[in-house]
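Close look at the chain arrangement
The residues making up each chain are set out below.
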Amino acid sequence: MVEYNAPIRDYEFLFNEMFDVIPIVQKLGYDFDNDFLSMLTEGWGEHAKEVWLPINQLGDKKGLDYDDGKIKMPEEFKSAYSESIEAGWLSTSCKQEHGGMGVPIFFSAVTWAEIGTSTNMAMSVLPALSIGVYEVLVEHGSKELIDYFATNLATGKWAGTMCLTEPHAGTDLGIITTKAIPQDDGSYRITGTKIFITYGEHDMTENIIHLVLAKTPGAPEGTKGISLFLVPKFLPSDWVSGGVKDLSENLMSDDNGVTCSGSEEKMGIHASPTCVMNFDESIGWRVGDLHNGMPLMFQMMNRERLATGMMGIGLAEIAYQNSLAWAKERRQGRDLKGPQEPNESADNILVHPDVRRMLLEAKVNTEGSRALAAWTGILLDQMHSEDIEEAEMAEALVALFTPIVKAHFTDLGCESVNTCMQVMGGAGYCTEYGVEQFYRDVRISKIWEGTNGIQALDLAGRKITHNMGKNLRYLMWPLTEFIENNRTIPEMEEFNKPLHQGVRGLQQLTLLMIAEGQANPHFLAAGATDYCRYFGNVLLGYMWAKMAKISLEKSGDPFYDAKIASARYFFKRIFPETAGLAARIQSGYKNLMDYPVEMM
Ligand SMILES: Cc1cc2nc3c(=O)[nH]c(=O)nc-3n(C[C@H](O)[C@H](O)[C@H](O)COP(=O)(O)OP(=O)(O)OC[C@H]3O[C@@H](n4cnc5c(N)ncnc54)[C@H](O)[C@@H]3O)c2cc1C
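Note that this is a predicted model, so its numbers are computed, not measured. (Residues numbered from 1 in each chain as written. Predicted model: local features only at pLDDT ≥ 70, side-chain atom pairs only at ≥ 80, totals over all residues. Heavy atoms only, no water.)

**Brief notes about the overall build of the protein chain**
Tallying secondary structure elements over the protein chain gives 19 helices and 11 strands in all. Expected size for 600 residues packed as a compact globule is a radius of gyration near 25 Å; at 25 Å, the protein chain falls within 12% of this value. When its C-alpha atoms are laid out on the principal axes, the protein chain stretches across 80 × 60 × 60 Å. Out of the 600 residues in the protein chain, the part that is buried amounts to 57%. Total accessible area on the protein chain stands at roughly 25,000 Å², and carbon and sulfur atoms take up 52% of it. Both charge centroids of the protein chain, one from 52 positive and one from 80 negative side chains, sit 6 Å from each other. (Helix = DSSP H or I, 4+ residues; strand = E, 2+ residues; numbered from the N terminus. Rg over C-alpha atoms; globule rule 2.2 N^0.38 Å. Buried < 20%, exposed > 50% of the residue type's maximum accessible area, 1.4 Å probe, protein only. Areas by Shrake-Rupley, 256 points an atom, 1.4 Å probe, with all protein chains shown as cover. Lys, Arg positive; Asp, Glu negative; His and termini not counted. Charge placed at Lys NZ, Arg CZ, Asp CG, Glu CD.)

**Regarding the pattern of salt bridges**
Summed over the entire model, instances satisfying the criterion amount to 32 salt bridges. Residues Glu75 and Lys78 are paired through a salt bridge, measuring 3.4 Å at the closest nitrogen-oxygen approach. Of this pair, Glu75 and Lys78 are both found in helix α5 (residues 75-86), 3 residues apart, which corresponds to roughly one turn of the helix. Classification of Glu75 as partly exposed rests on a relative accessible area of 47%. Judged by relative accessible area, which is 21%, Lys78 ranks as partly exposed. Three or more residues joined by partner-sharing salt bridges are found here, namely Asp10, Glu114, Glu317, Lys363, Glu367, Arg370 and Lys563. (Salt bridge = Lys/Arg side-chain N within 4 Å of Asp/Glu carboxyl O.)

**Details of empty space enclosed by the protein**
In the structure shown here, the tally under the stated rule is 5 cavities of 30 Å³ or more. Of the volumes computed, that of the largest cavity is approximately 250 Å³. Forming the boundary of the largest cavity are 20 residues, of which Ser108, Trp112, Ala128, Arg303 and Ala307 lie nearest the centre. Sort the elements by how many residues they give to the lining of the largest cavity and helix α6 (residues 105-140) lands first, with 12 residues. When grouped by side-chain class, the residues that make up the lining of the largest cavity number 11 nonpolar, 6 polar and 3 charged. Lining the second largest cavity, in full, are Ile8, Tyr11, Glu12, Phe15, Asn16, Asn34, Leu37, Ser38 and Thr41. Within the residue set of the lining of the second largest cavity, elements represented by two or more residues are α1 (8-18) and α3 (34-52). (1 Å grid on protein atoms, 1.4 Å probe; cavity = no way out; pocket = protein on both sides within 12 Å on 5 of 7 lines; lining within 4 Å. Points joined across faces, edges and corners; volume = space filled by probe spheres on them. Nonpolar A, V, L, I, M, F, W, Y, C, P; charged D, E, K, R; others polar.)

**Topic: the domain arrangement of the protein chain**
Domain assignment breaks the protein chain into domain 1 (8-140), domain 2 (158-291) and domain 3 (451-594). Here domain 1 and domain 3 have C-alpha centroids that lie 31 Å from each other. Contact with domain 1, which involves 7 residues of that partner, is made by 9 residues of domain 3. With both sides pooled, the region where domain 1 packs onto domain 3 buries about 700 Å², and carbon together with sulfur makes up 72% of that total. Considering only the surface of domain 1 that becomes buried against domain 3, Phe13, Glu17 and Met18 emerge as the three largest contributors, covering 66% of it. Linking domain 1 with domain 3 are 2 salt bridges. The salt bridge partner of Asp10 is Lys563, with a shortest N-O separation of 2.6 Å. (Domains from an automatic or database assignment. Contact = heavy atoms within 4.5 Å. Buried area = accessible area lost by both parts, 1.4 Å probe.)

**A look at the site of the ligand**
Looking at the ligand, there are 18 residues lining it, with Thr165, Thr171, Phe196, Thr198 and Thr451 nearest. Isolated, the ligand exposes 970 Å² of accessible area, and the fraction of that covered by the protein chains is 60%. Looking at the shell around the ligand, the elements that each hand over two or more residues are β3 (159-163), β5 (188-198) and α13 (452-463). Residue contributions to the shell around the ligand peak at 3 residues, all from β5. Classifying every residue of the shell around the ligand gives 10 nonpolar, 6 polar and 2 charged. (Near = heavy atom within 4 Å.)

**Quick look at the pairing of strand β11 (residues 274-286)**
Among the 13 residues in β11, 10 count as buried, and that is most of the element. Across 8 bridges, the pairing between β5 and β11 is antiparallel. Looking at the pairing, Ile190 lines up with Ser282 of β11. Relative to β11, strand β7 (residues 226-232) runs antiparallel, the two being bridged by 2 bridges. Across the sheet, the residue bridging to Phe229 is Arg286, located in β11. Relative to β11, strand β10 (residues 258-263) runs antiparallel, the two being bridged by 5 bridges. Pairing of Thr259 across the sheet is with Asn278, part of β11. (Pairing = 2+ DSSP bridges.)

**Points about unusual backbone geometry**
With a phi angle near 60°, Phe196 is a residue other than glycine that sits in the positive phi range. Relative to the assigned elements, Phe196 resides in strand β5. For Phe196, a relative accessible area of 48% gives the class partly exposed. For Ile269, which is not glycine, the phi dihedral falls at a positive 30°. When you line up the elements, Ile269 lands in the loop between β10 and β11. Given the relative accessible area of 4%, Ile269 is considered buried.

**Overview of the packing of aromatic side chains**
The description of an aromatic ring pair uses the distance of the two centres, along with the angle that the planes make with each other. Here the structure, examined in full by the defined rule, presents 26 aromatic pairs. Measuring from ring centre to ring centre gives 4.6 Å for Phe15 and Phe106, while their planes differ by 55°; the resulting arrangement is tilted. Of this pair, Phe15 sits in helix α1 while Phe106 is found in helix α6, placing the two residues 91 residues apart along the sequence. Grouping residues by exposure puts Phe15 and Phe106 together as buried. Considering the side-chain rings of Trp44 and Trp52, the 5.1 Å spacing of their centres and the 90° angle between planes classify their relative orientation as edge-to-face. (Phe/Tyr/Trp six-rings, centres within 6.5 Å; stacked < 30°, edge-to-face > 60°.)

**Some words on a nonpolar patch on the surface**
Nonpolar side chains collect at one region of the surface, where Tyr595, Val597, Met599 and Met600 lie side by side and expose about 530 Å² of accessible area between them. By secondary structure assignment, the location of Met600 is in the segment after α19 (590-593). Overall, Met600 belongs to the exposed group, its relative accessible area being 75%. (Patch = residues over 30% accessible without salt bridge, like charges linked within 9 Å, V, L, I, M, F, W, Y side chains within 5 Å.)

Encoded structure:
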């Protein structure tokens, strides 16, 4: 039986004590206070635990039913989804005018996303995608499209997808071949095949709204020629040919030439359909400017990348909770210093340093990641500030953090679920205890939304040099100020000193990556993944030093004492990996690129 309690206390600590979020969002114009935030966090935690979690294993076992182009979802998923719509939990950050709650983005991007993926990752990706489509539409769509589609996407009545990948074009989207032919009425006819489309077909909603990347005739080569189109599965029943002006009745019933010709069998998230989608002269409307599809899709993908990072945290959290509960009951062997409970046949396995190592690695990395996620979530709100400087700072930091959140959190998530499974020995490998499902479910997070290797290249090749290094400067200012302010505080030395060394190392490695990378791009590419991990460690180090600072002032309370112990664990046992990462980056590219391919 899988256990789960939403990490409400941790969120209270992060949003209230660490980042003091309420004045920030009130300044941005939100009518939002602490009581409301607690009510949301507790309410969503309870709803997800009661409605989503109980069907998570069922979804894994039952999966979905593909038959002749139609996908039937488990009935239990359909009713849970409807219940969540009724309760308003699928539209927290959407505008009130579209039926949403209109709460700040940080809640849906961080708290909602983590709890959703912990309790049912296969289910959570459906509303996450729909909200992604909603946001792109509301920001870049025409008024007619917004009026017609936004409300049903926001509330979850209709679902959204993102259709990028084609059989021959995954990472390299510049070579897609899906075509969009302009029509006299302003619409387009879309033809092509997309693969691996999450929730491309299903019966959870009345309609499915696809955002499709395609090329118009004569478009420039590569990604510069891609445009973005909104293509519904069903067209309005009164559709004639008049373009969006005819979308007056909120009824969709006519087939739009969108068909599903297959659903993938896969390692995890069995209740999340992964579809081959065919568009056969399907009617669609352009969203945004011609040939500007990639930036818009990246806008959606950036939100989805943060959501994907939260999958790493969410599954690591639930795996940790279950392996800890199991470990507390399990007795094997004796404490090497002598039996702790001589009247029992064996001691509890928490007496073994190696078991503690595994559990603490998962706990500390998850909590550190959650802190950085909380900061990133608040920055997402600040990006919309009317204060130009605040908005610019937020945009720069979000750009910098996005590949790290996506890649580092999902790497850590996969590692954490793996070690939590190990804590449980053979039981970890058996279905009954749930953790093996989390292991299978979390694995996709390193692959989709751009593989982690591509995230690392984005960080090293673009984000650190972008804007003449402005992204990095916006981070270095508060970080070096924090280090300086704590330099003379003796209790902070054990955290501040390694953080300082790490930051100095990061600056040196950044210069090396830029200088060598300019001369030889293989140098930059060969070190990118290690650089991304190094950077992730520095950011988590910053988070842990900040958490230690707050907690030192409140020591004596178990919650804060645990935070101090976790910070200590981080700097003693996790952060030192930066030395190895630096050595690997400095080793250059020849050990990779001179290796004889014929011997691989
Ligand atoms: C379950 C599932 C759901 C998905 N959902 C969606 C969806 O909803 N919509 C959608 O459009 N797509 C979706 N995808 C597709 C997913 O985003 C891609 O699989 C992913 O981006 C990688 O593309 P690929 O599989 O073609 O791998 P490839 O691009 O073939 O990459 C293979 C390997 O080469 C590396 N590589 C490729 N190019 C480079 C390069 N330039 N530099 C360095 N390394 C490189 C990659 O990192 C990877 O390790 C989904 C996939 C799965 C499995």
